[in-house]
Amino acid sequence: MPSDIPGIHHVTAIAGDPGRNLRFYTETLGLRLVKRSVNQDDVSVYHLFYGDDEGSPGTSMTFFPYQNARPGQVGTGQASATQFLIPAESVEYWTDRFEEEGVEADEPRERFGDTVIPFSDPDGLPLELVARDDAPAGNPPDGPVPEAHAIRGFFGATLSLDTAGAMPDLLGTMGFEEAESDHDRTRYEADGELGYVVDILEDPQGRRGRPGAGTVHHVAFRVAEDEQAEWREVLQDRGLRPTEIIDRKWFKSVYARTDGGVLFEFATKEPGYTVDEDRDELGERLVLPEWLEDRRDEIAAGLPELPTGPTE
């Protein structure tokens, strides 16, 4: 068996207007745009990557923003909420900030002993801030959110399923152990510092999710490059149909649709977002993998304008 997975690598979601998406995640949430590229499977659409100062695995929220995207429907068969980690003393800061910024947010609530602030991005994507005493210092970017209150990275993700089915067994194989349960929510935890939580939310009567703006496309987990092929074999042995290993330039990926319908990715840490840009210049220009570089003029002409350079 390959080594246990320490947690989430990145989460990719679908958005609408790319400029609005960029403003919200950099100016409101204070994340850094660490890569502006294109969806390698549809080069007419940006792929925008946000994260800490260098886009470390475990901090990177990414988007395919379609300008005229139809709203999706959050429901079963999806990752229904993405959870970010903040320091325990930052709850008041964020509730005040959301009120000032006009962000649609609920009152803080308690879940498994943690304070949680549910909110939505401009496309209605469900998000949560989870406040913890053990939030790591991390590597927050310079920006509108003070370092003391900055998002540290992922806490975890909630998977909405009509029934848990084979998912607990798959998570166990990946190294996530059952930690707590409360009614229809069961928590599984890995041995990592970021993105180490997966909650299964069972909803037998729930609506089936429909892809579109405001929904998660896939959840990616961190694997070692020298164990990625072995993870692919594990998925095959479980009766899933993983893709071949795909080179995404900044990491290599294997994708598999789970029994519950959620798309999982198994992504490597290396080589990272600084493989083709200096750290100080991350996100300032359109970056393409070399196999798309000869189409740069065509691709750039088909993309809407976005601010160049830092957004602050």
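Structure: see above.
Figured I'd write up the structure that's included with this text.

Reading guide: rules and limits
Residues numbered from 1 in each chain as written. Predicted model: local features only at pLDDT ≥ 70, side-chain atom pairs only at ≥ 80, totals over all residues. Heavy atoms only, no water. Helix = DSSP H or I, 4+ residues; strand = E, 2+ residues; numbered from the N terminus. Buried < 20%, exposed > 50% of the residue type's maximum accessible area, 1.4 Å probe, protein only. Contact = heavy atoms within 4.5 Å. Areas by Shrake-Rupley, 256 points an atom, 1.4 Å probe, with all protein chains shown as cover. Lys, Arg positive; Asp, Glu negative; His and termini not counted. Charge placed at Lys NZ, Arg CZ, Asp CG, Glu CD. Phe/Tyr/Trp six-rings, centres within 6.5 Å; stacked < 30°, edge-to-face > 60°. Patch = residues over 30% accessible without salt bridge, like charges linked within 9 Å, V, L, I, M, F, W, Y side chains within 5 Å. Salt bridge = Lys/Arg side-chain N within 4 Å of Asp/Glu carboxyl O. Core = buried A, V, L, I, M, F, W, Y, C linked by side-chain atoms within 4.5 Å. Polar contact = N/O pair within 3.5 Å; in protein donor to acceptor, adjacent residues only side chain to side chain. Arc of directions from axis to C-beta.

Looking at the overall build of the protein chain
Part 1 of the argument: Within the protein chain, the regular secondary structure consists of five helices and 16 strands.
Part 2 of the argument: Projected onto its principal axes, the C-alpha positions of the protein chain cover 50 × 45 × 35 Å.
Part 3 of the argument: Among the 312 residues that make up the protein chain, the fraction classed as buried is 58%.
Part 4 of the argument: Counting contacts in the protein chain only where the partners sit at least 6 residues apart, residues at least 24 apart contribute 68% of the total.
Part 5 of the argument: Total accessible area on the protein chain stands at roughly 13,600 Å², and carbon and sulfur atoms take up 41% of it.
Part 6 of the argument: Between the centroid of the 29 positive side chains of the protein chain and the centroid of its 63 negative side chains there is a distance of 5 Å.

A look at the packing of aromatic side chains
Part 1 of the argument: Considering all chains together, one arrives at 15 aromatic pairs under this definition.
Part 2 of the argument: On the numbers, 5.5 Å between centres and 15° between planes, the contact of Phe 84 with Phe 154 is stacked. Pair noted here: Phe 84 is in strand E5 (residues 78–87) and Phe 154 is in strand E9 (residues 153–161), with a separation of 70 residues, a long-range link. For the residue pair Phe 84 and Phe 154, the accessibility class agrees, reading buried in each case.
Part 3 of the argument: Among the aromatic residues, ring-to-ring pairing joins Phe 176, Phe 221, Trp 231, Phe 264 and Phe 266 into one connected group.

Quick notes on a negative patch on the surface
Part 1 of the argument: A cluster of acidic side chains, namely Glu 27, Glu 92, Asp 96, Glu 99, Glu 100, Glu 101 and Glu 107, defines a negative patch on the protein surface.
Part 2 of the argument: Considering each element in turn, the negative patch owes the most residues, five residues, to helix H2 (residues 91–101).
Part 3 of the argument: As for its placement among the helices and strands, Glu 101 is situated in helix H2.

Focus on unusual backbone geometry
Part 1 of the argument: A cis amide bond, omega 0°, links Glu 270 with the succeeding residue Pro 271.
Part 2 of the argument: Assignment of secondary structure puts Pro 271 in the loop between strand E16 (263–268) and helix H5 (296–301).
Part 3 of the argument: With a phi angle near 50°, Phe 112 is a residue other than glycine that sits in the positive phi range.
Part 4 of the argument: By relative accessible area, which is 18% here, Phe 112 ends up buried.
Part 5 of the argument: If you check the backbone angles, Lys 249 has positive phi at about 80° while not being a glycine.
Part 6 of the argument: For Lys 249, the location among the structural elements is in the loop between strand E14 (246–247) and strand E15 (252–257).

As for the nonpolar core
Part 1 of the argument: Formed by 75 residues in total, the largest nonpolar core has its most connected members in Tyr 25, Leu 29, Met 174 and Phe 264.
Part 2 of the argument: Residues within four places of Tyr 25 in sequence aside, it is in contact with Gly 30, Leu 31, Tyr 50, Met 61, Phe 63, Asp 121, Leu 125 and Leu 127.
Part 3 of the argument: Trp 250, Phe 251, Ala 267 and Leu 282 belong to the second largest nonpolar core, which has nine residues in total.

Examining the side chain of Arg 152
Part 1 of the argument: Residue placement: Arg 152 occurs in the loop between strand E8 (126–132) and E9.
Part 2 of the argument: Glu 89 provides the closest opposite charge to the buried, unpaired Arg 152, separated from it by 6.2 Å.
Part 3 of the argument: One polar contact links the side chain of Arg 152 to the main-chain carbonyl oxygen of Pro 136, over a distance of 2.9 Å.
Part 4 of the argument: There is a polar contact of 2.7 Å between the side chain of Arg 152 and the backbone oxygen of Glu 147.

Here we look at helix H3 (residues 167–174)
Part 1 of the argument: Buried within H3 are the following residues: Met 167, Leu 170, Leu 171, Thr 173 and Met 174. Taken around the axis of H3, the buried residues stretch over an arc of 155°, which confines them to a single face.
Part 2 of the argument: Looking at the buried side of H3, the elements it contacts are E9, strand E11 (185–189), strand E12 (197–202), strand E13 (215–223), helix H4 (228–237) and E16.

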